[in-house]
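Geometric and topological summary
Listed below are the residues making up each chain.
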Amino acid sequence: MTQQQSIHGEWSSKLAFIMAATGSAVGLGNIWKFPYITGENGGGAFVMVYLICIALVGIPIMMAETMLGRRAKQSPINALKALSQEAEAHENWHYLGWLGVTAGFLILSYYSVIAGWASAYVFKSLSGAFSGQGSAEIKALFEQFVASPLQLTCWHSAFMAVTMWVVARGVRGGLEKAVQFMMPSLFLILLILVGYAMTTGHYSQGLSFLFAPDFSKISGQSILIAMGHSFFTLSLGMGAIMVYGAYLPGHVSISKATLLVAGADTAVALLAGVAIFPLVFANQLEPSAGPGLIFQTLPIAFGQMTAGNVIGTLFFILVVFAALSSSISLIEPMVAWLIENHGFKRSHACWVAGAAAWLLGLGTVLSFNHWSEVKLFGHTFFELLDYLTANIMLPVGGFFVAIFAGWVMLREHSESELEMSPMFYEIWRILVRYVAPAAVFVVFLSVVGVLAP
Ligand code: PFF
């Protein structure tokens, strides 16, 4: 490849890349989405499918995406153009970059709304709104909150503005600094919550809901959701990891970095589940409560534990930071492309992309109140957007990344980028050429009904 370094700058160290990629991966997907979709899809068997997808599909594709980014050192659309030229393949491959940029933009529109909920909860916790409240009051508090489009819009606007401000400051200035201190703190506070969950008397019920598989509860649909979530949670299939890979210096081991990131991401999701489900059962709540699950369960714990206001406030602050370090990666591919292809200044690119995503986010805001009965195929605006992006666009994007890295890119190029031992390289190659694409394909077929279980 011709370029030595990305025009957007480089990470200052290997640790900075690991932190930023972990920042992208760990977010609302782990703390908000994983528990509620696990609750909606019956628990243990769903978790098992999710873990298998992470290991056999997610990790190899994450290595592939990082490698493609690092080799091309450009935004996903241009990276795929350059790499397909290098491999003498059809230039249509760059549409894969487009798919990713679009998916990131669509996800950001609703991600910011939910991150806005977490931001509002920082202040609710701080003001003592959860103190001594029972599950019914906490549920009512949440329902009143989401019923107000004005409040949701204000928080959504604030979160989007902060995201764009961070992205505008660029790779080293903004992205890197934002993530370095929050990951360890988030981990710590989740451990405190798990400790509290142990005192509820329903700890083992929570654990068995999460880890004892009951395969009668699983369908083709829930397998698709588990697979889609493995892409969502690792930020795959849309170029976020590719664009971070583009800022990676040449000497860093992609495989080790990827394993660390995927390990941390999975640990956070499982810890969130272990903290939340005992509370669900201890308070006779429904595991299938949907997107409000963490907002209806954790505040009960904060309202009852010693120093709960402080711990609750800290927790929601960390969730907002985790969301922020993910949202910046959702829009970075689009921003990098606006800079590369349209000569935008970084700050202008941010404001244009952010304003458009903000506007679309209003649809999600309304889908929790005025439009909650407006449904297409039985789904609200938010549900459709989530389904389309997480369960369709990301797996399709990931499928083609795997095909590109496994079949189109020359073997000597992937071998030299990945620098793995011959045995691990062969394993990666088999996973990326056969296992990952076949898994995505079969899951899609089964949902379309061709192989309906
Ligand atoms: N991985 C993030 C999460 O789990 O919250 C969400 C996300 C970020 C998805 C970036 C996709 C992406 F490109």
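This section reports on the structure supplied with the text. The shown structure was predicted, so the numbers you read here are calculated from the model rather than taken from an experiment. (Residues numbered from 1 in each chain as written. Predicted model: local features only at pLDDT ≥ 70, side-chain atom pairs only at ≥ 80, totals over all residues. Heavy atoms only, no water.)

**Comments concerning the overall build of the chain**
Secondary structure assignment for the chain yields 19 helices and zero strands. For 453 residues, the compact-globule formula gives about 22 Å, and the C-alpha radius of gyration of the chain, at 21 Å, lands near that figure. Principal-axis analysis of the C-alpha atoms places the extent of the chain at approximately 65 × 50 × 40 Å. Residues classed as buried in the chain amount to 60% of the 453 residues present. Of the contacts made within the chain by residues no fewer than 6 positions apart, 83% connect residues no fewer than 24 positions apart. Just so you have it, the chain exposes about 16600 Å², and 67% of that area is on carbon and sulfur atoms. Considering the chain, the positive charge centre built from 19 side chains and the negative charge centre built from 22 side chains are found 6 Å apart. (Helix = DSSP H or I, 4+ residues; strand = E, 2+ residues; numbered from the N terminus. Rg over C-alpha atoms; globule rule 2.2 N^0.38 Å. Buried < 20%, exposed > 50% of the residue type's maximum accessible area, 1.4 Å probe, protein only. Contact = heavy atoms within 4.5 Å. Areas by Shrake-Rupley, 256 points an atom, 1.4 Å probe, with all protein chains shown as cover. Lys, Arg positive; Asp, Glu negative; His and termini not counted. Charge placed at Lys NZ, Arg CZ, Asp CG, Glu CD.)

**Observations concerning the site of the ligand**
Of all residues adjacent to the ligand, which total 15 residues, the nearest are A25, G29, Y111, F232 and M238. A distance of 2.7 Å separates an oxygen atom of the ligand from a polar atom in the backbone of G29. Compared with its free state, where it exposes 340 Å², the ligand has 100% of that area covered by protein. For the shell around the ligand, the secondary structure elements donating two or more residues are α1 (14–25), α2 (28–40), α11 (220–233) and α15 (308–342). (Near = heavy atom within 4 Å. Polar contact = N/O pair within 3.5 Å; in protein donor to acceptor, adjacent residues only side chain to side chain.)

**Comments concerning the packing of aromatic side chains**
Throughout the structure, instances matching the rule amount to 28 aromatic pairs. The ring of W407 is capped by R433, whose NZ or CZ atom sits 3.8 Å from the centre of that ring. (Phe/Tyr/Trp six-rings, centres within 6.5 Å; stacked < 30°, edge-to-face > 60°. Lys NZ or Arg CZ within 6 Å of the ring centre and 35° of its normal.)

**Observations concerning the pattern of salt bridges**
Taken as a whole and assessed by the stated rule, the structure comprises nine salt bridges. In this structure, K217 and D214 form a salt bridge, with 4.0 Å as the shortest nitrogen-oxygen distance. Salt bridges sharing partners connect three or more residues here, namely R70, R71, E86 and E417. (Salt bridge = Lys/Arg side-chain N within 4 Å of Asp/Glu carboxyl O.)

**Comments concerning a nonpolar patch on the surface**
Together, M48, I52, L56 and F215 make up a nonpolar patch on the protein surface, roughly 360 Å² of accessible area in all. Turning to its location among the elements, M48 is positioned in helix α3 (residues 44–72). (Patch = residues over 30% accessible without salt bridge, like charges linked within 9 Å, V, L, I, M, F, W, Y side chains within 5 Å.)

**Digging into the side chain of H229**
Residue position: H229 is located in helix α11. Residues within four places of H229 in sequence aside, it is in contact with G29, K33, F34, I37 and Y50.

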